[in-house]
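# Descriptive structure summary
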Amino acid sequence: MRIKFERHLNTLTSELITMGSLCEEAILGAEKALALGNIESIQYVQELSEEIRQTERTIERRCLALVLHEQPVAKDLHLVSAALKMITDMKRIGDQAQEITEIVAFFNGRHLPDIDTTSMMAEATRSMLSNAIQAFVARDVDKALGVVADDDIVDSYFNQMKSNIIHMIANGSTDGELALDLLIIAKYFERIGDHATNIAEWIVFSVTGQHEDEI
């Protein structure tokens, strides 16, 4: 019985890693869509977002089956509970990457100001998610806590973006609509960083049985 359960847990772990990798690709796709503005990048992220949603449903069903039909011990329940939380955040990362590309689709070839800072935000969030996945594979609490700390980097980029946008509006270097779109995109990346942080915190819980809210 335990061998069968371990096999299902291993499958669950593989599916979580796959879902995390899809989210990384979605962030990268959103960054490319911003830089290139082409329809191929936009469609690619939309397809990835749907695949992420399908993977979420698969993992959710597996987690529920493990709880209902197997006999998990406490440490197993920590992993299953964390997995259910993690996939919610991963699904939202996919949604927000898609929402970024939907905004890009309305640019109609207009030049996006301050693309460098936006790209740095995207790279920082993708790095956070990549490190979270590595922490999950290695069951590395310190690496997961490093992801939590890195959210400050994303927040600092977001604050920089807000200041830059205010300056651009004040000196008339961009129109208000485009500035607002840029701020919304920056906010989506900031939220992706928050979701990566949540994932890292649930990884810590899966190993220690203790969540950040309880510390």
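I will try to describe carefully the structure that is included in this document. Nothing here was measured: the structure is a model prediction, and the numbers come from that model.

Moving on, we come to helix 5 (residues 141–170). One turn of the α-helix equals 3.6 residues, which is why residues spaced by three or four share an orientation. If you check helix 5, its first and last C-alpha atoms are 45 Å apart, about what 30 residues at 1.5 Å a residue would give, namely 44 Å. Within the span of helix 5, buried status applies to Ala 144, Val 147, Asp 151, Val 154, Tyr 157, Phe 158, Met 161, Ile 165 and Met 168. Of the surrounding secondary structure, the elements contacted by the buried residues of helix 5 are helix 4 (115–138) and helix 6 (176–208). Capping the start of helix 5, Asp 140 holds a side-chain oxygen 3.1 Å from the backbone nitrogen of Asp 142, two or three residues further along.

If you walk through the whole model with that rule in mind, you get one aromatic pair. Note on Trp 202 and Phe 205: the rings are 5.3 Å apart at their centroids and 80 degrees apart in plane angle, and the pair reads as edge-to-face. Placement of both Trp 202 and Phe 205 in helix 6 is noted, with a separation of three residues, approximately one turn of the helix. Neither residue differs from the other here; Trp 202 and Phe 205 are each classed as buried.

In this structure, His 195 sits in helix 6. Sequence-distant contacts of His 195, that is, excluding residues within four places in its chain, are made with Asp 89, Arg 92, Ile 93 and Gln 96.

The next point concerns the packing of helix 3 (residues 74–104) against helix 6. Where helix 3 contacts helix 6, the axes come no closer than 9 Å and their chain directions differ by 170 degrees. Between helix 3 and helix 6, the angle falls in the class roughly antiparallel. Tallied by class, residues from the contact of helix 3 with helix 6 come to 18 nonpolar, six polar and seven charged.

To continue, consider the nonpolar core. Grouped together as the largest cluster of nonpolar side chains are 63 residues, with contacts concentrated most on Leu 12, Met 86, Ile 100, Met 121, Phe 189 and Ile 199. Of all the elements in the fold, those that place two or more residues in this core are helix 1 (2–36), helix 2 (39–69), helix 3, helix 4, helix 5 and helix 6. Considering each element in turn, this core owes the most residues, 14 residues, to helix 6.

Tallied over the full model, the rule gives nine salt bridges. The residue Arg 53 makes a salt bridge to Asp 95 at a minimum N-O spacing of 3.0 Å. Here Arg 53, found in helix 2, pairs with Asp 95, found in helix 3; they are 42 residues apart in sequence, far enough to count as distant. The exposure class assigned to Asp 95 is buried, which follows from its relative accessible area of 17%. As a salt-bridge pair, Asp 194 and Arg 191 come within 2.7 Å of each other at their nearest N and O atoms. Remark: Arg 191 and Asp 194 occur in helix 6; sequence separation between them is three residues, near one turn of the helix.

Here is what the cut-offs are and how they apply
- Residues numbered from 1 in each chain as written.
- Predicted model: local features only at pLDDT ≥ 70, side-chain atom pairs only at ≥ 80, totals over all residues.
- Heavy atoms only, no water.
- Helix = DSSP H or I, 4+ residues; strand = E, 2+ residues; numbered from the N terminus.
- Expected span 1.5 Å × (residues − 1).
- Buried < 20%, exposed > 50% of the residue type's maximum accessible area, 1.4 Å probe, protein only.
- Contact = heavy atoms within 4.5 Å.
- Polar contact = N/O pair within 3.5 Å; in protein donor to acceptor, adjacent residues only side chain to side chain.
- Phe/Tyr/Trp six-rings, centres within 6.5 Å; stacked < 30°, edge-to-face > 60°.
- Axes fitted to C-alpha atoms, helices over the stretch in contact; angles between N-to-C directions.
- Parallel < 35°, antiparallel > 145°, perpendicular 65-115°, else oblique.
- Nonpolar A, V, L, I, M, F, W, Y, C, P; charged D, E, K, R; others polar.
- Core = buried A, V, L, I, M, F, W, Y, C linked by side-chain atoms within 4.5 Å.
- Salt bridge = Lys/Arg side-chain N within 4 Å of Asp/Glu carboxyl O.

Everything listed here is a matter of coordinates, which is why it stays silent on function.
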